[in-house]
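# Commentary on secondary and tertiary structure
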Amino acid sequence: MSDRHISEHFETLAIHAGNTADPLTGAVVPPIYQVSTYKQDGVGGLRGGYEYSRSANPTRTALEENLAALEGGRRGFAFASGLAAEDTLLRTLLSPGDHVVIPNDAYGGTFRLFAKVASRWGVEWSVADTSDPAAVRAAMTPRTKAVWVETPSNPLLGISDIAAVAQVAHAGGAKLVVDNTFATPYLQQPLALGADVVVHSLTKYMGGHSDVVGGALIVADEGLGQEIAFHQNSMGAVAGPFDSWLVLRGTKTLAVRMDRHSENATKVADMLSRHPRVSSVLYPGLPEHPGHEIAAKQMRAFGGMISFRVTDGEEAAVSVCDRTQIFTLGESLGGVESLIEHPGRMTHASVAGSLLEVPSDLVRLSVGIENADDLVEDLKQALDK
């Protein structure tokens, strides 16, 4: 029985897909194959298909099989970082002169990759509000080869209708790429909704413990998978064996963690929505969020990310970030601990002056799995001082 047919239930797949017991010892956790090369059974006789760990490594293979199963894909690929995964995908899909539609709200590193790196390679891009399929259609050109979507988006928590945007992209001859980092495959399955490629920063919820950096691509089409495999090996920014092992450990508890992240975030968002020093709360779980109905349709729950704007401007937002005691001031997200940051001065400084510039009074939260009452009280005292 293959891993993808172990069970139809996510929680079971998360623990068992790719996690075959070690044939030598029976160890239930895959070993860390900290090795660069492999003895061959004669010239060209590769034992188990392994020759060199840039091309393949058994620990990375276990993770890649796990990722493919969790996203319902044919192939999964693990990289040294989320941006390494994105760069490999761009070089796989695009040639100089091609065009990409990118969202008007996206991770600053993704924007930097397009604006400062891919553009020098001759790739053109346009910005569109991907929550509006008509806007995506209007931004496409005859040279558009990919439409890039984040949903929920970073840091404004916008929601895009994956199925609707997939139809628009495919009608124009483009592939749909969905960054599923905020939602994770537990909460959202982009491939089942029509996406061609799913992107992850494994650093975030998939790893889940703020102790590893990694990235992933998962595809539904075997042919595209073979092209990505060629570029992954040719470019070489692969996940190392220990990093792969750490992420594989993290995915086993992804379901229970995401349930808790979502529960805590709902309580925090409810408090923030009633606080007099908060002008708006950006969380798709709130009924007043413009993407709430679509999020409820395509997500299992609403995740652990919240952004909010304060009433007294940028300095007040920075002060809130400085005053929390349980929320740690820091970049990144998705760990078991709660984090707080000022996107304009931190993760999204690279989009300043662009169409993706974020409001200066914005605060972003990664709500962890601590006691929800403690998190609520911590934010109250930070806002009230």
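Calculation criteria
- Residues numbered from 1 in each chain as written.
- Predicted model: local features only at pLDDT ≥ 70, side-chain atom pairs only at ≥ 80, totals over all residues.
- Heavy atoms only, no water.
- Phe/Tyr/Trp six-rings, centres within 6.5 Å; stacked < 30°, edge-to-face > 60°.
- Helix = DSSP H or I, 4+ residues; strand = E, 2+ residues; numbered from the N terminus.
- Buried < 20%, exposed > 50% of the residue type's maximum accessible area, 1.4 Å probe, protein only.
- Expected span 1.5 Å × (residues − 1).
- Pairing = 2+ DSSP bridges.
- Axes fitted to C-alpha atoms, helices over the stretch in contact; angles between N-to-C directions.
- Polar contact = N/O pair within 3.5 Å; in protein donor to acceptor, adjacent residues only side chain to side chain.
- Contact = heavy atoms within 4.5 Å.

## Quick look at the packing of aromatic side chains
On inspection of all chains with the given rule, the structure shows 5 aromatic pairs. With centroids separated by 5.5 Å and ring planes inclined at 85 degrees, the aromatic side chains of Phe 114 and Trp 148 adopt a geometry described as edge-to-face. One end of the pair, Phe 114, is in helix H4 (residues 108-117); the other, Trp 148, is in strand E4 (residues 144-150), with 34 residues separating them in the sequence. For the residue pair Phe 114 and Trp 148, the accessibility class agrees, reading buried in each case. Summarising the aromatic geometry, the rings of Phe 242 and Trp 245 are spaced 6.1 Å apart at their centres and angled 20 degrees between planes, so their arrangement reads as stacked. Highlighted residues: Phe 242 and Trp 245, both in helix H9 (residues 241-252), separated by 3 residues, approximately one helical turn. Judged by relative accessible area, Trp 245 falls into the partly exposed class, the value being 24%.

## Remarks on helix H3 (residues 82-93)
Look at H3: 17 Å from first C-alpha to last across 12 residues, which is about the 16 Å you get at 1.5 Å a residue. Among the 12 residues in H3, 9 count as buried, and that is most of the element. Within the sequence span of H3, burial applies to Gly 82, Ala 84, Ala 85, Glu 86, Thr 88, Leu 89, Leu 90, Thr 92 and Leu 93.

## As for the sheet that holds strand E7 (residues 215-219)
The sheet built from 7 strands is open, its strands ordered E1-E7-E6-E5-E4-E2-E3 with mixed pairing. Looking along the sheet, the strands with just one partner apiece sit at the ends: strand E1 (75-79) and strand E3 (124-128). Averaged over all adjacent pairs, the angle separating strand axes in this sheet is 20 degrees, with direction ignored. In the sheet, strand E6 (residues 197-201) pairs with E7 via 5 bridges, with the strands oriented antiparallel. By the bridge assignment for E7, Ser 201 is matched with Gly 215.

## Looking at the environment of Asp 259
With respect to the helices, strands and loops of the structure, Asp 259 is situated in helix H10 (residues 254-273). Here the alpha-carbon distance between Asp 259 and Gly 303, two residues 44 residues apart in the chain, equals 7.9 Å. A polar contact of 3.0 Å, which involves the side chain of Asp 259, links it to the side chain of Tyr 186.

## Observations concerning the side chain of Thr 92
Within the fold, Thr 92 resides in helix H3. Of note is the side chain of Thr 92, whose polar atom sits 3.5 Å from the side chain of His 231. When neighbours within four sequence positions are excluded, Thr 92 is seen to be in contact with Leu 224, Glu 227, Ile 228 and His 231.

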